[in-house]
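Residues per chain, in single letters:
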Amino acid sequence: MTDKILSQGIDFYSKKDYAKSLAFFLALPSDSGADKNEIAYYLGLCYTKLHKYDDALLYLEQVVTSGSHLERTLQCRFLLAVIYAISGRKRLADFELNKLLETGYMTASVYAAIAYVAWEQKDTQRCLDYYERSLATDPDNVSSLNGLGYVLACEEKDLTRALSLCKQAVKITPNSAACLDSLGWVYYKLGLYDDAMQYLSQAEKIDTESVEIANHIKSVLLKAGR
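Here the structure is a predicted model, which is why all the values come from computation and not from measurement. (Residues numbered from 1 in each chain as written. Predicted model: local features only at pLDDT ≥ 70, side-chain atom pairs only at ≥ 80, totals over all residues. Heavy atoms only, no water.)

Peer 1: Can you help me understand the overall build of the chain in this one?
Peer 2: Along the backbone of the chain there are 13 helices and zero strands. With the principal axes as the frame, the chain shows a C-alpha extent of 65 × 35 × 25 Å. The buried share of the chain, reckoned over its 226 residues, is 47%. A fraction of 47% describes how many contacts in the chain between residues 6 or more apart in sequence connect residues 24 or more apart. As displayed, the chain offers around 12000 Å² of accessible surface, 50% of which is attributable to carbon and sulfur atoms. Charged side chains of the chain number 25 positive and 29 negative; the gap between the two group centres comes to 1 Å. (Helix = DSSP H or I, 4+ residues; strand = E, 2+ residues; numbered from the N terminus. Buried < 20%, exposed > 50% of the residue type's maximum accessible area, 1.4 Å probe, protein only. Contact = heavy atoms within 4.5 Å. Areas by Shrake-Rupley, 256 points an atom, 1.4 Å probe, with all protein chains shown as cover. Lys, Arg positive; Asp, Glu negative; His and termini not counted. Charge placed at Lys NZ, Arg CZ, Asp CG, Glu CD.)

Right, here's the structure in full:
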């Protein structure tokens, strides 16, 4: 019964029309007969996809608290950790990620998220360790290829490997501003400023508001004497 009631909204979501999917679920009357946790799950996913993180947290937490569906509980806990991490709430992100580890939910994406939080907390060794674990689990995990390459470049450790990792990330996601930025930063650390500018300029065209990309470009121009 619930599947039929929610099928249109789920179809919108499957087709990546997150705005229509969100509108559908928000418009459902309270007496629709649909499962409230199911609605909360899709509302949380839609808000996450639309980058409306404060709204997403409300519904993702509802799913996690209910604990009615293990796989979805783990998925929503992971999304909570990601949102907390990107919004600067590192302790909460760490809490959610540790909860995932306790349940044995040790995916490449979880390891990558732990590595990211560790880097933000300036725990470089833990960051490197978890990026390595992530890549051991999934050698093509873009977040970890890019993240590990970037961190190695920043720490000026094994720049040859950093270059290889970032090239692989760009090959998989050629239109990712983050990956292009990281590759440009590796070239900067190698002293190859023309190559650095090539990729950093591409990154800036994709993400014109990134302060980090703009600062990287300034660093290259300063070193290159331009």
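Peer 1: Teacher, can you tell me more about the nonpolar core here?
Peer 2: Across soluble globular proteins, nonpolar side chains show a tendency to be buried alongside one another. By size, the foremost hydrophobic cluster in this structure holds 80 residues, and its most contacted members are Leu6, Phe25 and Leu97. Here this core takes nine residues from helix H5 (residues 70-86), the largest share from any one element. Ignoring sequence-local partners within four residues, the contact set of Phe25 consists of Leu6, Gly9, Ile10, Ile39, Tyr42 and Leu43. (Core = buried A, V, L, I, M, F, W, Y, C linked by side-chain atoms within 4.5 Å.)

Peer 1: Quick question: what am I supposed to make of the pattern of salt bridges here?
Peer 2: If charged atoms from side chains of opposite charge come close, those side chains can pair. Under the counting rule described, the total for this entry stands at nine salt bridges. When the shortest N-O distance is used, the salt bridge between Glu38 and Arg72 registers 2.5 Å. Remark: Arg72 occurs in helix H5 and Glu38 occurs in helix H3 (residues 36-49); sequence separation between them is 34 residues. The buried category is assigned to Glu38, whose relative accessible area is 15%. Owing to a relative accessible area of 18%, Arg72 belongs among the buried residues under this scheme. With its nearest N and O atoms 3.6 Å apart, the salt bridge here joins Arg126 to Asp94. Taken together, the residues span a long stretch of sequence, with Arg126 in helix H8 (residues 124-137) and Asp94 in helix H6 (residues 90-102) at a distance of 32 residues. (Salt bridge = Lys/Arg side-chain N within 4 Å of Asp/Glu carboxyl O.)

Peer 1: Can you walk me through the packing of aromatic side chains in this structure?
Peer 2: How two aromatic rings sit relative to each other is set out by the distance from centre to centre and by the angle between their planes. Under the criterion given, the structure shown has 10 aromatic pairs. Both rings, one in Trp185 and one in Tyr188, keep their centres 4.5 Å apart while their planes meet at 20 degrees; by these two values the pair is stacked. Of this pair, Trp185 and Tyr188 are both found in helix H11 (residues 177-189), three residues apart, which corresponds to roughly one turn of the helix. What makes Trp185 buried here is its relative accessible area of 9%. Clustering of aromatic rings is evident, with ring pairs tying together Tyr13, Tyr18, Phe24, Phe25, Tyr41 and Tyr42. (Phe/Tyr/Trp six-rings, centres within 6.5 Å; stacked < 30°, edge-to-face > 60°.)

Peer 1: What is the right way to look at H5 in this model?
Peer 2: Note: α-helices contain 3.6 residues per turn, so residues at a spacing of three or four share the same orientation. Under the 1.5 Å per step criterion, the end-to-end length of H5 is 25 Å for 17 residues, consistent within 8% with the ideal 24 Å. Within H5, 12 of the 17 residues are buried, which leaves it mostly tucked inside the rest of the structure. Those residues of H5 lying buried are Arg72, Thr73, Leu74, Cys76, Arg77, Phe78, Leu79, Leu80, Ala81, Ile83, Tyr84 and Ala85. Of the surrounding elements, those touching the buried residues of H5 are H3, helix H4 (53-66), H6 and helix H7 (108-120). Backbone geometry just after H5 places Gly88 at a positive phi near 85 degrees. (Expected span 1.5 Å × (residues − 1).)

Peer 1: In this structure, what is going on with unusual backbone geometry? I would like to understand it.
Peer 2: With the exception of glycine, most residues fall at negative phi, and the peptide bonds are largely trans. Phi is positive for His51, close to 65 degrees, though the residue is something other than glycine. Relative to the elements of secondary structure, His51 occurs in the loop between H3 and H4.

Peer 1: Could you clarify how one ought to interpret the environment of Ser176 in this entry?
Peer 2: Mapped onto the secondary structure, Ser176 falls in the loop between helix H10 (159-172) and H11. Separated by 3.1 Å, the side chain of Ser176 and the backbone nitrogen of Cys179 make a polar contact. (Polar contact = N/O pair within 3.5 Å; in protein donor to acceptor, adjacent residues only side chain to side chain.)

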